[in-house]
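Residue strings, one per chain:
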Amino acid sequence: MALVLLRFPEAPAEFRRGVAETLREEQTHALLYIRRMEACGVTFGSRPVNSFFWRAVSSMQTPVDYVAGLSLTFEQANLDYSRHFARVFQQCGDHATARILDKIYHDEISHVGYGLQWFRHWKSPKRSDWASYESQLALPLSPSRAKGIGVFNREGRLSAGLSEEFVDELEVYARSKGRTPHVHYFNPQA
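Our subject in this report is the structure included herewith. None of the values given here were measured: they were computed from a predicted structure.

Rules behind the numbers
- Residues numbered from 1 in each chain as written.
- Predicted model: local features only at pLDDT ≥ 70, side-chain atom pairs only at ≥ 80, totals over all residues.
- Heavy atoms only, no water.
- Helix = DSSP H or I, 4+ residues; strand = E, 2+ residues; numbered from the N terminus.
- Buried < 20%, exposed > 50% of the residue type's maximum accessible area, 1.4 Å probe, protein only.
- Expected span 1.5 Å × (residues − 1).
- Contact = heavy atoms within 4.5 Å.
- Core = buried A, V, L, I, M, F, W, Y, C linked by side-chain atoms within 4.5 Å.

Turning to the environment of Ile34, a few remarks are in order. Here Ile34 lies in helix H2 (residues 13–39). Judged by relative accessible area, which is 22%, Ile34 ranks as partly exposed. Separated by eleven residues in the primary sequence, Ile34 and Gly45 place their C-alpha atoms 9.7 Å from one another.

Okay, structure coming up:
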């Protein structure tokens, strides 16, 4: 998000203020995670992390690339991930972590809504949100990345302002996330 502020100084001031506010909230999320990790005996940086997220968004060429890739893809997927893992931690009796994930879930609704507002501002009014979104994403991103694991969270997406049509299209969207597929088949001749 800081890269967005640096890369697009000519973007509308209101957009940049919103990015800065989202950045502040994401830093709060990181601090919540770090404190919870420490309480569980895990030192920040002691576990390897994947750089996919950074590689996928760092090449953005326009502010609309940012809102499509980050807000409407990664943050939208977190509507599923945060709910799924909050349930898992709740079931394990780790109510502190579940509360953190619940807070993050509610913040992500507003982050998706913020991105959607600007996406609609910049996209062609002649095209649907879904058609514009799908065509805006560049590999390795696809709408598949906007879905997490567990139950597809329709309610959170609608709360963020996505249309029923958009949510329906995403729910049934099925393409590779870019990984090499594992193909299994039955060969009765073997």
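What follows concerns H2. In an α-helix, one turn spans 3.6 residues, which is why side chains three or four residues apart end up on the same side. The terminal C-alpha atoms of H2 lie 39 Å apart, and with 27 residues this matches the ideal 39 Å at 1.5 Å per residue to within 8%. Regarding H2, the residues found buried are Phe15, Gly18, Val19, Thr22, Glu25 and His29. Along its buried surface, H2 packs onto helix H1 (2–7), helix H4 (63–91) and helix H5 (95–122). Among the residues trailing H2, Gly41 stands out with phi positive, at a value near 85°.

All right, on to the nonpolar core then. Grouped together as the largest cluster of nonpolar side chains are 36 residues, with contacts concentrated most on Phe15, Tyr66 and Tyr133. Tallying contributions element by element places H4 first for this core, with eight residues. Apart from residues no more than four positions distant in its own chain, Phe15 is found in contact with Val4, Pro63, Tyr66, Val67, Tyr114, Trp118 and Trp122.

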